Amino acid sequence: MYLTKDEERAYDGEYGWTLQKAMQILVTIGDLNNAERLIEIESAHVSGASYKTIGDAYEFIARLDGRVAVRTTLNPIGMDTERWREMGISEDFARKQLSVLAAYKSLGISAECTCIPYELSQPKGHIAWSESSAVIFANSVIGARTNMEGAPSALAAALVGKTPLYGLHISENRAATVKFRVNAEISDADFGAFGMLIGEITRDRIPLIELRSQPSVSELKQLSAGIGATGAVGMFHVKGITPEAELNKDIEEVIDIESSDIMCYDACCEPDVIAIGCPHCGISELKQLYEMLRREQAHAHRDRVRCDFFVFTARSLIRSSSDPATPHRNTSSQMTGSNGGINNETERIVEKIERFGVKVFCDTCFVVSPAFERFSCVMTNSGKLLRYAPLMRDRNGKDRNRKGAEVILKSTEECVRYAFHSHL
Ligand code: F3S
């Protein structure tokens, strides 16, 4: 791979060990993928931030000596940084998790821990993101360009401010080759299940999807997460919706999808918890959830939900940050429907949601926190959770043989109804 003089100096270690290692990672990946050169990136997003998943490997990050060259965000961590005691997180886990966060922050990485960095700002050019759901959403819906980075390559790209030019950074590699014709009205949680089906079928082929009606941003998020949960493909196109949907010159296969193909994901268990926010809820989803809770409360004639109910979101969406490294949201975002001062408004909505007995946690999620391992049957609107909750294990605790949770996939409305009535 061609390197500029400056890149060569970094590769040879003239700018220190950390930058040298980062360059070596990028060059190795570039060579393996026949990349011609490195290209500049607008931002990076690094996964592998929960102590539950990375364990003591964070000590390696703590030894790095450098600063990220572009705005860099982190994926969810193992706890809400302000309310971890309320989550039942142990002092020991919290101490280690805060050390992980401190290690990343010392590199100049934002303490914003969320899997929806695209709701904080929407880059249009080349980026280096890990977290499959965010990668797929960024490529498909925003029109940014990123390969499916792993945590080390995303961190290396963040430190160098560049990534190898290959894969989804190149226009010709972004065309669809398989078409899905959906012969049914699908909505809400169906998109997560549909995404999982697409991921299983396409593997690494890029799909073009024809839908009967226009999906919402929330549904596109669920679609992205579902595809990422089962497939290796980094993007999709939706006819008439996504910015590059016309990139479909060589369709090799057309697959018809009926409603019976999608809506068949139910476990036979009694839900002991409801989880919404995988991927993290955006502002419009929080507002919709509040309206659903309000309506259902009126029908149920009771003030609070009957079972544990958790919602996950990004802190800066609900509160103005005092952390200078935290990126500002794109305030003109159609995605968030935001305008000046909306953080206060959203904070009030979160307070109102919590009055129903629902807990809204930031920085974390159902899968990457140990706090939710005690549940055995989760009702959710997330296809990704359908895939990952059964794999949840008590990796660091005593109960290493414990199985993960079973999952019941329902629409957000059905989850709310169940929360108040204990039946659908
Ligand atoms: Fe995000 Fe956690 Fe789901 S990282 S996509 S909420 S598993």
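## Some points on the state of the cysteines
In a disulfide, the sulfur atoms of two cysteines are covalently bonded to one another. This structure, assessed with the given rule, holds one disulfide. Paired by a disulfide, Cys269 and Cys377 hold their sulfur atoms 2.0 Å apart. In this structure, the disulfide formed by Cys269 and Cys377 twists by about 65 degrees around the S-S bond and is classed as right-handed. Here the residue Cys269 occupies a position in the loop between helix H10 (259-262) and strand S10 (273-281), and Cys377 occupies one in strand S13 (residues 377-380), the gap between them amounting to 108 residues. The exposure classification of Cys269 matches that of Cys377, with both residues buried. Free of any disulfide, Cys307 has its nearest cysteine sulfur in Cys415, 9.4 Å distant.

## Let's talk about the site of the ligand
Taken together, Asn75, Pro76, Cys115, Glu131, Ser133, Gly277, Cys278, Pro279, Cys365, Val367 and Lys384 make up the full set of residues adjacent to the ligand. Sorting elements by how many residues they give to the shell around the ligand places S10 first, with three residues. Of the residues assigned to the shell around the ligand, the class counts are six nonpolar, three polar and two charged.

## Comments concerning the sheet that holds strand S7 (residues 207-210)
Taken in spatial order, the four strands of this open sheet run S8-S7-S6-S9, and their pairing is parallel. Each having just a single partner strand, strand S8 (237-238) and strand S9 (253-257) make up the two edges of the open sheet. Pairing between strand S6 (residues 178-182) and S9: five bridges, direction parallel. Residue pairing for S9: Arg181 is matched across the bridge by Asp256. Packing against the sheet, helix H8 (residues 190-202) makes contact with S6, S7 and S9, and its axis sits at approximately 150 degrees to S6.

## So, the sheet that holds strand S14 (residues 406-409)
One open sheet accounts for five strands, arranged S12-S11-S10-S13-S14; its pairing is parallel. The outermost strands of the open sheet, each flanked by one partner alone, are strand S12 (359-362) and S14. The average undirected angle you get between the axes of adjacent strands in this sheet is 30 degrees. The strands that helix H11 (residues 283-300) touches are S10 and strand S11 (308-313); relative to S11, the one it contacts most, it runs at about 155 degrees.

## Focus: H11
Relative to the 26 Å expected for 18 residues at 1.5 Å per residue, H11 spans 26 Å between its end C-alpha atoms, a close match to the ideal helical length. Among all positions of H11, only Ile283, Glu285, Leu286, Leu289, Tyr290, Met292, Leu293, Glu296 and Ala300 are buried. Two residues or fewer after H11 comes His301, characterised by a positive phi angle close to 50 degrees.

## As for the packing of H8 against helix H9 (residues 217-230)
Running from amino to carboxyl end, H8 crosses H9 at an angle of 35 degrees, the nearest separation of the two axes being 6 Å. Along this stretch, H8 crosses H9, giving a crossing that reads as right-handed. When H8 is examined against H9, the residues Phe191, Gly192, Phe194, Gly195, Met196, Ile198, Gly199 and Glu200 are found in contact with a partner set consisting of Glu219, Gln222, Leu223, Gly226, Ile227 and Thr230. Residues belonging to the contact of H8 with H9 are distributed by class as follows: six nonpolar, six polar and two charged.

## Description of unusual backbone geometry
That bond from Cys278 to Pro279 is cis: its omega, 0 degrees, falls within 30 degrees of zero. Among the structural elements, Pro279 can be located in strand S10. Positioned with a positive phi, Glu131 is a non-glycine residue whose angle comes to about 80 degrees. For Glu131, a relative accessible area of 13% translates into the label buried.

## Some thoughts on the confidence of the model for the protein
In this model, the protein carries an average pLDDT of 91, and 91% of its residues clear a pLDDT of 70 or more. Across residues 321-334 the pLDDT falls below 50, and counting only partners more than four positions away or on other chains, this stretch makes 34 contacts in the model. Residue range residues 336-340 is modelled with pLDDT below 50. Its contacts to residues more than four positions away, or to other chains, number 13 contacts.

The rules behind the values
Residues numbered from 1 in each chain as written. Predicted model: local features only at pLDDT ≥ 70, side-chain atom pairs only at ≥ 80, totals over all residues. Heavy atoms only, no water. Disulfide = S-S within 2.5 Å. Helix = DSSP H or I, 4+ residues; strand = E, 2+ residues; numbered from the N terminus. Buried < 20%, exposed > 50% of the residue type's maximum accessible area, 1.4 Å probe, protein only. Near = heavy atom within 4 Å. Nonpolar A, V, L, I, M, F, W, Y, C, P; charged D, E, K, R; others polar. Pairing = 2+ DSSP bridges. Contact = heavy atoms within 4.5 Å. Axes fitted to C-alpha atoms, helices over the stretch in contact; angles between N-to-C directions. Expected span 1.5 Å × (residues − 1). Left-handed = near helix turned anticlockwise from the far one by under 90°. pLDDT = per-residue confidence, 0-100.

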